[in-house]
Amino acid sequence: MASSPQAAGELAAIKVHGLTRESFLLRSTLAAGTAYGALSATPYITRALAQSGVTDIDIANYALTLEYLESKFYEMGVKTVKGLSADDTKLAKKIRDDEVAHVDALISLIKSAGGKPAARPTFDFGGAFASPAAFLKTANVLEDTGVSAYNGAGTLIKSVDVLGAAGSIVQIEARHAALIRLTRNKPPAPLAFDKASQMATVLKAVKPFIKA
Amino acid sequence: MTDSALRELADDPSSRKRFFKMLGGAGAVSAATVLIAACGDDKKKNTTTAGAAASTKNADADNASDLKIVNYALTLEYLEATFYQEVLDSGVIKDKKIGDLAKALADTEQQHVDALIATAKSLGGTPATKPKTKFQDTIAKGATTILMTAATVENLGAAAYLGQAGNIKSKDILAAALSIHSVEARHAAALNMLVGRGFGDGKGGLEGSLPDGAFGKPMDMAAVLKAVAPFIAS
């Protein structure tokens, strides 16, 4: 499953010129995965590369993996974190329910498009549940990352329906991000233009949370 | 390890690079340029079966369609920017925290206006003119009404961008619209909370623009323009 050092060399030698944008992004993702050991052989990435282009199903599975991460984070957080205020608990539960709904919606979408939903990884959130502050800080990072991930993937989506679904989910991720930021006395919208991150960057950022 | 990776993510300016590159700004090189070049290749690939004349015609139609959407977005951003500027100028807001928020919102919406003007020009079009607005009665009613109106307008803005995402032809303009859409959503959520519209309680009465669940709701152009009509003078 894991990529070999030779594979990393091959990837590094690949010229960008002449590749489709999709396969360029994928090779970047794979190269980063190899270098950092991050999700290097996730099935949707390898399958997508074999098809030399990211399909909408691959993007939906990428989103599904992030939603699995978020939903598990809030499920565990509301049970584990000691001393979370009543308001913050209410917000965390509401967000948990939204993330679970996103997981369900993406699984249905992938199945209806004839794809196979990615398996739920095992997560390790480290010290994120040690205190309300640690929990909210990690929530802040996950929500901002979610927004940038959807915004980055949006332009790769081919189907108008899948784009509509991604758009309606990212709008909620952005709302979550703003509300979590407010609980931390941070500006809810720190930038006039939200970021769009590439898959490789996002996968690298969430890698520490993924055990298997 | 976690922190440095996250910091790198936080510093990833790819959307803005792409966007400002599209607007002809300096400084966008390397990966961003490669991506944009590849975008162009994809478009060509998609239209190779058509004759040269036909594909020019298609490109013109796509351009005109995108220009219409950009000018629609510009009109909404003008409304927002004008509203916040008039609120600031009125001196009605005494609370420092709300005043700071209004300043931040005014600044952000003005950046959206400037970017959309540049985008309309980059499409070879004429940017929509600034609409004459009617916010004075709203502003005269004070802070609570101002914040309620701001929440309404931001929720409409988010629903408006979401409603157009699937209609946009240019990938670069889609990237820009997405990066503005999520900012409008952040504003909407923060203002909803400030005015006591519980998150997700579905009691906004905003014709679908206030999400009552896990999915944002789009609005089409006609519905949005009808909803903002009371704020437009001419």
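Quick notes on the rules
- Within any chain, residue numbers begin from 1 and follow the written order of that chain's sequence.
- Whichever chain is written first is A, and whichever ligand is written first is 1; the rest continue in order.
- Residues qualify for local features only when their pLDDT is at least 70, as the model is predicted, and side-chain atom pairs are given and counted only at 80 or more; totals for whole chains, interfaces and linings, by contrast, use all residues.
- Strands are runs of DSSP state E lasting at least two residues, helices are runs of H or I lasting at least four, and both sets are numbered from the N terminus onward.
- Each residue is represented by a C-beta atom placed from its backbone, and any two residues with such atoms within 7 Å are regarded as in contact.
- Counts of 20 or more other C-beta atoms within 10 Å of a residue's own C-beta define buried residues, counts of 12 or fewer define exposed ones, and intermediate counts define partly exposed ones; C-beta atoms are placed from the backbone.
- Any helix carries an expected span of 1.5 Å times its number of residues minus one.
- Each residue carries a pLDDT score, the predictor's own confidence in it, on a scale running from 0 to 100.
- To define axes, lines are fitted to C-alpha atoms, for helices over the stretch in contact only, and angles between the resulting N-to-C directions are given on a 0 to 180 degree scale.
- Between 65 and 115 degrees an angle is taken as roughly perpendicular, under 35 as roughly parallel, over 145 as roughly antiparallel, and anywhere else as oblique.
- Each crossing gets its hand from how the near helix is turned against the far one by less than a right angle, where anticlockwise is left-handed and clockwise is right-handed.
- Residues were grouped as follows: Ala, Val, Leu, Ile, Met, Phe, Trp, Tyr, Cys and Pro as nonpolar; Asp, Glu, Lys and Arg as charged; and all remaining residues, including Gly, as polar.

**Quick word on the overall build of chain B**
Here's step 1: Of regular secondary structure, chain B possesses nine helices and zero strands.
Here's step 2: The order of α-helices and β-strands along chain B, N terminus first, is α-α-α-α-α-α-α-α-α.
Here's step 3: Long-range pairs, those at least 24 residues apart, make up 69% of the contacts in chain B between residues at least 6 apart in sequence.

**Examining the overall build of chain A**
Here's step 1: When helices and strands are tallied, chain A shows eight helices and zero strands.
Here's step 2: Counting from the amino terminus, helix and strand elements in chain A follow one another as α-α-α-α-α-α-α-α.
Here's step 3: For chain A, buried positions account for 51% of its 212 residues.
Here's step 4: Sequence separation of 24 or more characterises 73% of the internal contacts of chain A that already satisfy a separation of 6 or more.

**Considerations on helix α5 (residues 96–122) of chain B**
All names here are of chain B.
Here's step 1: With 27 residues, α5 extends 39 Å from end C-alpha to end C-alpha; this agrees with the ideal 39 Å at 1.5 Å per step.
Here's step 2: Those residues of α5 lying buried are Leu101, Ala102, Leu105, Ala106, Thr108, Glu109, His112, Val113, Ala115, Leu116, Thr119 and Ala120.
Here's step 3: Directly after α5, the chain includes glycine 124, whose backbone phi takes a positive value near 80°.

**As for the environment of Gly127(A)**
Here's step 1: By the element assignment, Gly127(A) lies in the loop between α5 (86–112) and α6 (132–154).
Here's step 2: Separated by 54 residues in sequence, Gly127(A) and Phe73(A) have C-alpha atoms that sit 12 Å apart.

**Concerning the confidence of the model for chain B**
Residue and element names in this part refer to chain B.
Here's step 1: Looking at chain B, pLDDT values average 79 and 71% of them are 70 or higher.
Here's step 2: Note on residues 201–209: pLDDT is under 50 here. Beyond four places in sequence and across chains, it has 20 contacts.
Here's step 3: Under the prediction, the complex receives an ipTM of 0.78, its pTM being 0.78.

**Some details on the confidence of the model for chain A**
Here's step 1: Of all residues in chain A, 75% have pLDDT values of 70 or greater, and the mean over the chain is 81.
Here's step 2: Below a pLDDT of 50 lies the segment residues 1–52 of chain A, which in the model reaches 80 contacts outside its immediate sequence neighbourhood of four places, other chains included.

**Let's talk about the packing of helix α4 (residues 56–80) of chain A against α6(A)**
All names here are of chain A.
Here's step 1: It is at 11 Å that the axes of α4 and α6 come closest, and there the two elements cross at 165°. Here α6 runs roughly antiparallel to α4, going by the angle between their axes. Along this stretch, α4 crosses α6, giving a crossing that reads as left-handed. Residues Ile59, Tyr62, Ala63, Leu66, Leu69, Glu70, Phe73 and Gly77 of α4 pack against Phe135, Leu142, Gly146, Ala149, Tyr150 and Ala153 of α6.
Here's step 2: A class-by-class count of the residues in the contact of α4 with α6 yields eleven nonpolar, two polar and one charged.

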